[in-house]
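# What the coordinates show
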Amino acid sequence: MLSTSLKLSMGTLIMVLLLQPCYCQVKSTSPNPFTDKDMVSWDYSSKVIGEDYTIYVHFPPGYDTTKTKYPVLYMTDGDWNMTVAMNCFNMLRQDYETTEALIIGIGYGSRPNKRNRDLDPKTGGPNFLSFIEQEVIPFVQSKYRVNDNKALYGYSFGGMFTTMVLFQHPGLFNMVFIGAPGNNGRELIPSAQKYFASNKDLNCKVFAGVGSYEHETAQNIELFKSFMEKQNCKSLEIATAITPNAGHGAALAQVMQNAIAFAYCKKHKVTPIPAKELEQYTGDYAMTDNARDKFKLYLEGNKLYFKQNDELPIEFAPYAKDSFFMQENERADITFKTAGGKMYMLFSFPNEKPTRLDKTK
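Residues numbered from 1 in each chain as written. Predicted model: local features only at pLDDT ≥ 70, side-chain atom pairs only at ≥ 80, totals over all residues. Heavy atoms only, no water.

## Side note on the packing of aromatic side chains
All told, the structure shown has 28 aromatic pairs when counted by the stated rule. Judged by centre distance (5.3 Å) and plane angle (80 degrees), the ring pair of Trp42 and Phe139 falls under edge-to-face. Of this pair, Trp42 sits in strand β1 (residues 39–45) while Phe139 sits in helix α4 (residues 125–143), placing them 97 residues apart in sequence. Residue Trp42 is classed as partly exposed on the basis of its relative accessible area, which comes to 31%. Overall, Phe139 belongs to the buried group, its relative accessible area being 12%. A centroid spacing of 5.8 Å and a plane angle of 25 degrees characterise the contact between Phe295 and Phe306, whose relative ring orientation is stacked. Of this pair, Phe295 sits in strand β10 (residues 290–300) while Phe306 is found in strand β11 (residues 303–308), placing the two residues 11 residues apart along the sequence. (Phe/Tyr/Trp six-rings, centres within 6.5 Å; stacked < 30°, edge-to-face > 60°. Helix = DSSP H or I, 4+ residues; strand = E, 2+ residues; numbered from the N terminus. Buried < 20%, exposed > 50% of the residue type's maximum accessible area, 1.4 Å probe, protein only.)

Structure representation (C-alpha cells):
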C-alpha cells in the first residue's frame, strides 16, 4: 500500500501537471468559428414591416433521413432563444419520449434589435404578428417538411406578445407559451376577460411560467390559470410553472424547458388504484438469463415500490390498469401481464426491445 505522504506527493504532482498550460496540444494557429450543422439562418426582407430580419431554423434529429412532417415551434427573440430551445430538447429527450419539432427563431442578426417595438402589443406588436402570419409561416411551410401543428413562444416582452396573440388571434397557433410576461403579467386576466366576454371556448394548449422572485408576475400567472380553468373550456389545456429561486434572467432557460416539456414530452397522469388491487403485483421477480440481480415489489403507504438489489426503491405510479411509470424516467413504460397462470412485468423504452422480469414468488 502507498503511504499517506506518498499519496499526497503523487496527488500534488498530478495537480501541478493538470494546471500546466499544454500549448503543444493546440494544432491550429487561431480558433475556429463554431457552427451548428443542424441550424441555418435566412436574411428575410419583410414587406409588411419594411425592414430586414434574420430567420433561424433548427432541424430536429432525423430530419435529413426521414420523410416525416414536423410540428413547428416559432420563437421571438431568435438571436438568443434558439440555442436555449435546442438544448432544452437535447436534455428532455433523455428522460421523456419527445415529439421532435422544427424550431424557427425570428431575430435581428447584426441589425439593431427592435424587440421593444415589435413585441409590444401597444406599438409594433400587431404589425409583427402580421409579418409572422403573412410572411414567416408561409415561407417556412414552402421550404420545409412541416405539419399543421404550430406553437409560439415568447419571454418578457415576448410574453406580452404571445398573450396578445392567444386572445386576439385564436386559432393561429395550436400552442402558445407565455414566459415572464412584461408589465408584471397585469394584462393576463384583462385579456382573457375581454376574450371570454364573447367566446365560450379556446382551442389551445397554453403554458405560462416565471421565476419566483418576480412575485407579482408569479401571483398573476397563478390567478390567470385559476380564471382560465373556471371557464370550463372543452378544448383548452393550461399549465403553469414557477421556477424557484430565480429572477427574470435566471429563470429564462427553465421557463422555456418547462414549456417545451409541457408541449412536446409524453408525461403520464397518475390514476389512483386501491392498495388491494396493487397487492397482486407485489413479490419477487427475476430475469430468466440473470439470476444474480434481485428485484422486489412491495406496498408501503398505499404505494407500489420497486427495488433492485440494494439500490434505493423507486415508486411505480399507475397511469392505467396494469400500466405504470416512474417519475424519475418517464421514457420507461412498465406493464404487467399473465401467461400460463404466472405474472411477469415488461420494461419498455422507445425503440428498444422490452426487458421481461418473471414473478418468482
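## So, the layout of surface pockets
A probe as big as a water molecule, rolled over the atoms, marks out the empty space that is left. Estimated volume of the largest pocket: approximately 440 Å³. The wall of the largest pocket is formed by 20 residues, among which Pro121, Met164, Gln168, Glu187 and Ser191 lie closest to the centre. Broken down by secondary-structure element, the contributors of at least two residues to the lining of the largest pocket are α5 (157–168) and α6 (188–196). Taken together, the residues that form the lining of the largest pocket break down as eight nonpolar, seven polar and five charged. Considering only enclosed or pocket space, the second largest pocket measures out at about 300 Å³ in volume. Lining of the second largest pocket is provided by Leu92, Tyr96, Lys205, Glu237, Gln254, Gln257, Asn258, Ala261, Phe262, Cys265, Lys267 and Lys269. Tallying contributions element by element places helix α8 (residues 252–264) first for the lining of the second largest pocket, with five residues. In the lining of the second largest pocket, the residues fall into five nonpolar, three polar and four charged. (1 Å grid on protein atoms, 1.4 Å probe; cavity = no way out; pocket = protein on both sides within 12 Å on 5 of 7 lines; lining within 4 Å. Points joined across faces, edges and corners; volume = space filled by probe spheres on them. Nonpolar A, V, L, I, M, F, W, Y, C, P; charged D, E, K, R; others polar.)

## Section: unusual backbone geometry
Non-glycine residue Asn245 carries a positive phi angle of around 55 degrees. Mapped onto the fold, Asn245 is located in the loop between β8 (236–243) and α8. Overall, Asn245 belongs to the exposed group, its relative accessible area being 60%. The phi angle at Asn351 is positive, at roughly 65 degrees, despite the residue not being glycine. Relative to the helices and strands, Asn351 is located in the loop between β15 (342–348) and β16 (355–359).

## Regarding the pairing of strand β5 (residues 146–155)
Of all 10 residues in β5, seven are buried, a share of seventy percent or more. Pairing of strand β3 (residues 70–75) with β5, which is carried by five bridges, proceeds in the parallel orientation. When the sheet's bridge partners are listed, Tyr74 is paired in β5 with Leu152. The sheet contact formed by β5 and strand β6 (residues 175–179) spans five bridges and is parallel. If you follow Gly154 over to β6, its bridge partner there is Ile178. Following the backbone out of β5, through α5 and into the adjacent parallel β6, one traces a crossover that is right-handed. (Pairing = 2+ DSSP bridges. Right-handed = clockwise from strand over helix to strand, strands pointing away.)

## Considerations on the sheet that holds β11
Pairing within the closed barrel is antiparallel, and its eight strands lie in the order β9-β10-β11-β12-β13-β14-β15-β16. Each strand axis lies, on average, 30 degrees off the axis of its neighbour in the sheet, ignoring direction. Pairing between strand β9 (residues 283–287) and β16: two bridges, direction antiparallel. Looking at β16, one finds that Ala286 is bridged to Asp358. (Axes fitted to C-alpha atoms, helices over the stretch in contact; angles between N-to-C directions.)

## Remarks on the nonpolar core
Residues Val140, Phe177, Met228 and Tyr264 are the most contacted members of the largest nonpolar core, which totals 83 residues. The element contributing the most residues to this core is α8, with nine residues. One finds Tyr285, Ile334, Met343 and Leu357 within the second-largest nonpolar core, a separate group that totals 19 residues. (Core = buried A, V, L, I, M, F, W, Y, C linked by side-chain atoms within 4.5 Å.)

## Quick notes on helix α2 (residues 78–92)
Between the first and last C-alpha of α2 there are 20 Å, a value that for 15 residues agrees with the 21 Å anticipated at 1.5 Å per step. By the burial criterion, the buried members of α2 are Gly78, Asn81, Met82, Ala85, Met86, Cys88, Phe89 and Leu92. Seen from one end, α2 has its buried residues packed into an arc of 160 degrees, which puts them on one side. (Expected span 1.5 Å × (residues − 1). Arc of directions from axis to C-beta.)

## Here we look at the sheet that holds β8
Strand order across the open sheet formed by eight strands is β1-β2-β4-β3-β5-β6-β7-β8, with mixed pairing between neighbours. The strands lining the two open edges of the sheet, one partner per strand, are β1 and β8. Neighbouring strand axes in the sheet, compared pairwise and without regard to direction, differ in orientation by 20 degrees on average. Note that β1 and strand β2 (residues 52–58) share seven bridges and pair antiparallel.

So yeah, pure geometry; function would need other evidence.
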